Amino acid sequence: TQLLEQSPQFLSIQEGENLTVYCNSSSVFSSLQWYRQEPGEGPVLLVTVVTGGEVKKLKRLTFQFGDARKDSSLHITAAQPGDTGLYLCAGALGRLAFGKGNQVVVIP
Amino acid sequence: DAGVTQSPTHLIKTRGQHVTLRCSPISGHKSVSWYQQVLGQGPQFIFQYYEKEERGRGNFPDRFSARQFPNYSSELNVNALLLGDSALYLCASSLGGTGAYGYTFGSGTRLTVV
């Protein structure tokens, strides 16, 4: 059973378009972390959100943590080919519980 | 500063064999966690060690074991390998025991069981 559900599982867009991916759960987490993983590599931490309702920006990436601390979204503005990758959300429960990921492909 | 280093990077084993995977955390990090990632899935938690003590264990059979050494490096051992153990094994380190502010992952060991 997956604690975290990520949607959509796969998304392909043109360079310059915007996209939003989602991470939902029925559990409350002390923090939620977003990672990006490229083929053959380990996940790389992008951001950690801790407070319900929190919004964090990392250049063209905007992360939001739901008020109830159960869900999160990642919005990418003007996507670039370098944004291609598997985006993983993970809830902290002493250990990390990962979703299956959002595979994003940005076509030049 | 070196990141999290894992060895070997790739490994091919036969069913029934035993394997040992190694991980060196970032200098100063006292917590090491192990994850298994099969194709098309997110990483699944196997073990966490903090200050050389086991802090958590995921839903994996007793064929999986691990330990942490005084220098905070860690080994993951898998006995009686099955085809289904083929996966990317990831090691992650963090400064504290909760990892609430994020982990640093290594590049992983790709294990293929034939």
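Residues numbered from 1 in each chain as written. Chains lettered and ligands numbered in written order. Predicted model: local features only at pLDDT ≥ 70, side-chain atom pairs only at ≥ 80, totals over all residues. Heavy atoms only, no water.

## Digging into the overall build of chain A
Inference 1: Secondary structure summary: chain A contains zero helices and eleven strands in total.
Inference 2: Traced from its N-terminal end to its C-terminal end, chain A shows the element sequence β-β-β-β-β-β-β-β-β-β-β.
Inference 3: Computed over C-alpha atoms, the radius of gyration of chain A comes to 13 Å, within 12% of the 13 Å expected from 2.2 N^0.38 for 108 residues, which places it in the range of a compact globule.
Inference 4: Dimensions along the principal axes, computed over C-alpha positions, put chain A at roughly 40 × 30 × 20 Å.
Inference 5: Relative to its 108 residues, chain A shows a buried fraction of 44%.
Inference 6: Counted over contacts in chain A with a minimum sequence separation of 6, partners at least 24 positions apart contribute 53%.
Inference 7: A total of about 5,000 Å² of accessible surface is found on chain A, and carbon and sulfur atoms cover 51% of it. (Helix = DSSP H or I, 4+ residues; strand = E, 2+ residues; numbered from the N terminus. Rg over C-alpha atoms; globule rule 2.2 N^0.38 Å. Buried < 20%, exposed > 50% of the residue type's maximum accessible area, 1.4 Å probe, protein only. Contact = heavy atoms within 4.5 Å. Areas by Shrake-Rupley, 256 points an atom, 1.4 Å probe, with all protein chains shown as cover.)

## Re the state of the cysteines
Inference 1: Under the defined criterion, the tally for this structure stands at two disulfides over all chains.
Inference 2: Residue A:Cys23 pairs covalently with A:Cys89 via a disulfide, S to S 2.0 Å. Looking down the S-S bond of the A:Cys23 and A:Cys89 bridge, the torsion is 75°, so its handedness is right-handed. Pair noted here: A:Cys23 is in strand 3 (residues 19-25) and A:Cys89 is in strand 9 (residues 85-92), with a separation of 66 residues, a long-range link. Pair check on accessibility: A:Cys23 and A:Cys89 agree, each one buried.
Inference 3: Disulfide partner of B:Cys23: B:Cys91, at an S-S distance of 1.8 Å. (Disulfide = S-S within 2.5 Å.)

## What to know about unusual backbone geometry
Inference 1: With omega at -10°, the peptide bond leading from A:Ser7 into A:Pro8 counts as cis.
Inference 2: Looking at the element boundaries, A:Pro8 is found in the loop between strand 1 (4-7) and strand 2 (10-14).
Inference 3: Here B:Ser7 and B:Pro8 are connected by a cis peptide whose omega angle stands at -10°.
Inference 4: The topology assignment puts B:Pro8 in the loop between strand 1 (5-7) and strand 2 (10-13).
Inference 5: Positive phi, normally seen in glycine, also occurs at A:Ala78, with a value near 50°.
Inference 6: Structurally, A:Ala78 can be placed in the loop between strand 8 (71-76) and strand 9.
Inference 7: One non-glycine residue, B:Tyr72, lies in the positive phi region at around 75°.

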